[in-house]
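Take a look at the letters that make up each chain.
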Amino acid sequence: MPQKKLHELPFMDIYLCLNGEVPAHYRQTISGKAGGHADELDKDVPPDFSDDVASITAFLREKFIGDEMGLTYEGIRLRAAKVTTAGGLIWAAMRRINEEPPKLEKLGLMPALLPHVRKLGERDGLILICGATGMGKTTTSCSVLADWLEQYGGVAFTIEDPVEYDLEG
């Protein structure tokens with residue numbers, strides 16, 4: 001059976017047991033959803049991805065820095081978190097990151113809110129974006145920032161650890 005590469009797997013999140021004791025599984029991306037939401041059911045990674053799964057697992061075993069890191073693996077931008085279970089299993093939970101944040105119009109916001117969102121940076125103050133894991137906080141923040149830079153120019157600095165979007169500008 002010919003081996004496939006990880007970038008061919010339609011995953012949003014992928015979970016690899018770094019101890020090698022449990023098969024890899026993933027959450028599939030639901031196409032057509034703003035922000036690339038994942039479905040709610042984990043699926044086993046098919047055997048025809050086993051070589052690539054073994055390769056990235058070995059890479060993570062050797063190179064994992066701290067508890068979280070950003071990385072690019074064969075053209076896929078990933079955010080990885082290392083989790084140790086009570087039973088001693090060490091897992092890497094990885095989220096696929098799009099190459100660039102979506103345009104504001106693609107976030108699924110009500111169209112009437114877009115002009116207000118675009119004016120958020122015109123005053124001094126703090127913008128707080130909050131929500132549960134995987135709900136789009138970083139995507140929303142980066143989309144707003146990219147839109148601001150596109151409209152007004154200038155330079156922006158972000159502080160995040162690990163870095164998710166590799167923005168230019």
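Below you will find a few notes about this structure. Counting of residues starts from 1 at the beginning of each chain's written sequence and follows it residue by residue. Residues qualify for local features only when their pLDDT is at least 70, as the model is predicted, and side-chain atom pairs are given and counted only at 80 or more; totals for whole chains, interfaces and linings, by contrast, use all residues. The side-chain numbers reported here are obtained from all heavy atoms of the structure, hydrogens and water having been left aside.

**Here's the deal with the overall build of the protein**
Helix numbering and strand numbering both begin at the N terminus, where a helix is a DSSP run of H or I of at least 4 residues and a strand a DSSP run of E of at least 2. Per the secondary structure count, the protein includes 3 helices and 6 strands. The principal-axis extents of the C-alpha atoms in the protein amount to approximately 55 × 30 × 30 Å. Burial classes follow relative accessibility: with a 1.4 Å probe on protein chains only, a residue under 20% of its type's maximum area counts as buried, one over 50% as exposed, and anything between as partly exposed. Out of the 169 residues belonging to the protein, those deemed buried represent 31%. Here the Shrake-Rupley method, with its probe set to 1.4 Å, supplies the accessible areas, and only the displayed protein chains count as covering residues. Element-wise, carbon and sulfur atoms account for 55% of the exposed surface of the protein, whose accessible area totals about 10,900 Å².

**Topic: the side chain of R77**
Here R77 is to be found in strand β5 (residues 76-84). For R77, a relative accessible area of 17% corresponds to the buried category. Two residues qualify as a contact provided that any one of their heavy atoms is within 4.5 Å of a heavy atom in the partner residue. R77 has contacts with G70, L71, T72, R95, R96, I97, V163 and E164, leaving out every residue within four places of it along the chain.

**Re the nonpolar core**
Only buried Ala, Val, Leu, Ile, Met, Phe, Trp, Tyr and Cys residues count toward a nonpolar core, and they belong to the same one when joined by side-chain atoms within 4.5 Å. Counting 22 residues, the largest nonpolar core has L6, I14 and L60 as the members making the most contacts within it. Mapped by element, the contributors of at least two residues to this core are β1 (11-17), α1 (50-63), β4 (68-73), β5 and β6 (90-97).

**Concerning helix α3 (residues 137-152)**
Given a helix with a known number of residues, its expected span is that number minus one, times 1.5 Å. Here α3 is 16 residues long and its end C-alpha atoms lie 22 Å apart, about the 22 Å a rise of 1.5 Å per residue gives. Here α3 has its buried residues at T139, C142, S143, V144, D147 and L149. Buried residues along α3 sit in contact with α2 (114-118). At the exit of α3 stands G153, carrying a positive phi of roughly 75 degrees.

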